[in-house]
Amino acid sequence: MKLALYLPNFRDHVTVKELEDLTSLAEELDFDSVWTLDRIVVPEASDRQELRYSFGMIDGFPTALPVSSRGQWYQGWPLIPWLAAKTTKVRIGMSITDTPYRSPGVLAAELATVDHLSNGRLNVGLGSGWMPEEFAAASASHIFPRRHAHLRETIEIMQGIWTNDLFEYHGEFADFDNCGFGCKPVQQPHPPIFFSGLKDPARSARRISKYGLSGWIGIQDSPEEVKQWRTAIQRELEKLESPRSIDDLEICSMIWFVITDQETDQTPMGKGTNLLAGTAAQITDKLKRYKEAGLTMPLLWPPFQDVPVAKTMDDLKRLKEEIMPNVEAA
């Protein structure tokens, strides 16, 4: 099992120095990767729990974000080239990049440059977004009803630009004649593409098969849910007679992580369950279950509040030095 750190760039208060310290520690501890979070805005309506949809369109979550509209968070994408310059080993990515907020051709060209800045350490996480209020702030309201189609076009444009000297595309959201977009990525044929977990295994399988995607990223998935996702997607791949297998993918989930002194309530509460928030013994047991279920890389997500960065750094050290040897020995 690989380990990944989900940087807390999205919280009410965080400093650049704290993000740098966390990243340096992840590299020192030989984590596989460090990821940032994509958040353009927090609507003031969120403070009143009056968003149009619940957080992430997840059942059981409030119609609000866990960060104040007046919070001082950092945008995830500008941190990526900075992380490339600050590190030498750990892979970097943003989970996930909401494509409707970006021009596909520009994004593809910028990512190729970042792959050079990182000497081939870029992961590309892509998703379609979920918050209409954020689409409006990004001048993309017209795309919201067709956001999944925009994501598909973005993948096609990225792969076309990355693998051709000249590329043209004539679609719904982009229409351009043959152009050169500069450098090609260091990684061949291109950086690995991860996609956000979808509610429809059949659609997931079609994207994996058609686009050769490298990773699946869920959020707060229990071991049972990971197993269910793997089984359902594999079944759909077989229906498509695809040469791809679920075992070809990095299976990830963004999971809140903190080591506590007292045992936490592990009673299933949907996406609000304390999955990796608990004592060292509880976390060890849960990671063993994740490993057995087929989760290949948890994205460890520091809580949005009440847990100082210094505490998270201590927890990461304990995880690597005390917990993971027991998990790997299982």
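Reading the values: the criteria
- Residues numbered from 1 in each chain as written.
- Predicted model: local features only at pLDDT ≥ 70, side-chain atom pairs only at ≥ 80, totals over all residues.
- Heavy atoms only, no water.
- Helix = DSSP H or I, 4+ residues; strand = E, 2+ residues; numbered from the N terminus.
- Rg over C-alpha atoms; globule rule 2.2 N^0.38 Å.
- Buried < 20%, exposed > 50% of the residue type's maximum accessible area, 1.4 Å probe, protein only.
- Contact = heavy atoms within 4.5 Å.
- Areas by Shrake-Rupley, 256 points an atom, 1.4 Å probe, with all protein chains shown as cover.
- Lys, Arg positive; Asp, Glu negative; His and termini not counted.
- Charge placed at Lys NZ, Arg CZ, Asp CG, Glu CD.
- Phe/Tyr/Trp six-rings, centres within 6.5 Å; stacked < 30°, edge-to-face > 60°.
- Polar contact = N/O pair within 3.5 Å; in protein donor to acceptor, adjacent residues only side chain to side chain.
- Core = buried A, V, L, I, M, F, W, Y, C linked by side-chain atoms within 4.5 Å.
- Salt bridge = Lys/Arg side-chain N within 4 Å of Asp/Glu carboxyl O.

Undergrad: Explain the overall build of the protein chain residue by residue, including any values.
TA: A tally of regular secondary structure across the protein chain gives 10 helices and 12 strands. Scaling as 2.2 N^0.38, a compact globule of 330 residues should have a C-alpha radius of gyration of about 20 Å, and the protein chain matches this with 19 Å. Projected onto the principal axes, the alpha-carbon positions of the protein chain cover approximately 60 × 45 × 40 Å. Relative to its full complement of 330 residues, the protein chain shows a buried share of 58%. In the protein chain, of all internal contacts separated by at least 6 residues, the share reaching a separation of at least 24 is 72%. With the model as given, the accessible surface of the protein chain reaches about 14200 Å², and the carbon-plus-sulfur share is 50%. Between the mean site of the 35 positive side-chain charges and the mean site of the 46 negative ones, the protein chain shows a separation of 2 Å.

Undergrad: I'd like a description of the packing of aromatic side chains, backed by residues and values.
TA: Applying the stated criterion to the full structure yields 16 aromatic pairs. Ring centres of tryptophan 35 and phenylalanine 194 lie 5.2 Å apart, and the angle between their planes is 80°; this geometry places the pair in the edge-to-face category. Within this pair, whereas tryptophan 35 is found in strand 2 (residues 33-36), its partner phenylalanine 194 is found in strand 8 (residues 193-196), the two being separated by 159 residues in sequence. Among the residues examined, tryptophan 35 registers a relative accessible area of 0% and is labelled buried. On the accessibility criterion, phenylalanine 194 (4% relative accessible area) is buried.

Undergrad: A description of unusual backbone geometry should follow, citing residues and the corresponding values.
TA: Cis rather than trans, the peptide bond between serine 95 and isoleucine 96 has omega equal to -15°. Take isoleucine 96: it is sitting in the loop between strand 3 (91-94) and strand 4 (97-98). A cis amide bond links glutamine 188 to the next residue, proline 189, at an omega of 0°. By the secondary structure assignment, proline 189 is in the loop between strand 7 (175-179) and strand 8. Positive phi, normally seen in glycine, also occurs at methionine 57, with a value near 55°. The exposure class of methionine 57 is partly exposed, given its relative accessible area of 23%. Positive phi is not limited to glycine here, since serine 139 has a value of about 60°. With respect to the secondary-structure elements, serine 139 resides in the loop between helix 5 (132-137) and helix 6 (147-163).

Undergrad: Give me the lowdown on the side chain of serine 33, citing residues and values where you can.
TA: Tracing the chain through its elements places serine 33 in strand 2. Within the local environment of serine 33, its side chain forms a polar contact with the side chain of aspartate 32, the two groups lying 2.9 Å apart. A polar side-chain atom of serine 33 sits 2.9 Å from a polar atom in the side chain of tryptophan 35. Leaving out residues up to four positions away in the same chain, serine 33 has contacts with Leu3, Ala4, Leu5, Val90, Arg91, Asn123 and Met297.

Undergrad: Go over the nonpolar core with me, naming the residues and quoting the values.
TA: Soluble globular proteins tend to bury their nonpolar side chains together. Counting 70 residues, the largest nonpolar core has Trp162, Leu287, Leu316 and Leu319 as the members making the most contacts within it. Counting residues per element, this core draws most heavily on helix 10 (residues 309-329), at 7 residues. Apart from residues lying up to four places away in sequence, tryptophan 162 is in contact with Ala108, Leu111, Ala112, Val124, Lys184, Pro185, Pro189, His190, Pro191 and Ile193. Ala4, Met131, Ile219 and Met297 belong to the second-largest nonpolar core, a separate cluster that totals 26 residues.

Undergrad: Hey, could you go over the pattern of salt bridges for me, with residue numbers and the actual values?
TA: Here the structure, examined in full by the defined rule, presents 21 salt bridges. Its salt-bridge partner being aspartate 32, residue lysine 2 comes within 4.0 Å of it at the nearest N-O pair. Linking lysine 2 in the segment before strand 1 (4-6) with aspartate 32 in the loop between helix 1 (16-28) and strand 2, this pair joins segments that are 30 residues apart in sequence. Looking at aspartate 32, the relative accessible area reads 19%, which means it is buried. Lysine 2 is the partner of glutamate 250 in a salt bridge, and the nearest nitrogen-oxygen pair spans 2.8 Å. Placement of the pair is glutamate 250 in strand 10 (residues 250-259) and lysine 2 in the segment before strand 1, with a sequence separation of 248 residues. Residue class for glutamate 250 comes out buried when judged on its relative accessible area of 15%. Taken together, the shared-partner salt bridges connect Lys2, Asp32 and Glu250 into one network.

Undergrad: Describe the environment of tyrosine 53, naming the residues involved and giving the relevant values.
TA: By secondary structure assignment, the location of tyrosine 53 is in the loop between helix 2 (44-47) and helix 3 (76-86). Judged by its relative accessible area of 27%, tyrosine 53 falls in the partly exposed class. In sequence terms tyrosine 53 and isoleucine 193 are 140 residues apart; their C-alpha atoms lie 27 Å from each other. If we skip the residues at most four places from it in the chain, tyrosine 53 touches Thr63, Trp130, Pro132 and Phe144. Among the polar contacts made by the side chain of tyrosine 53, one reaches the side chain of arginine 52 at a distance of 3.4 Å.

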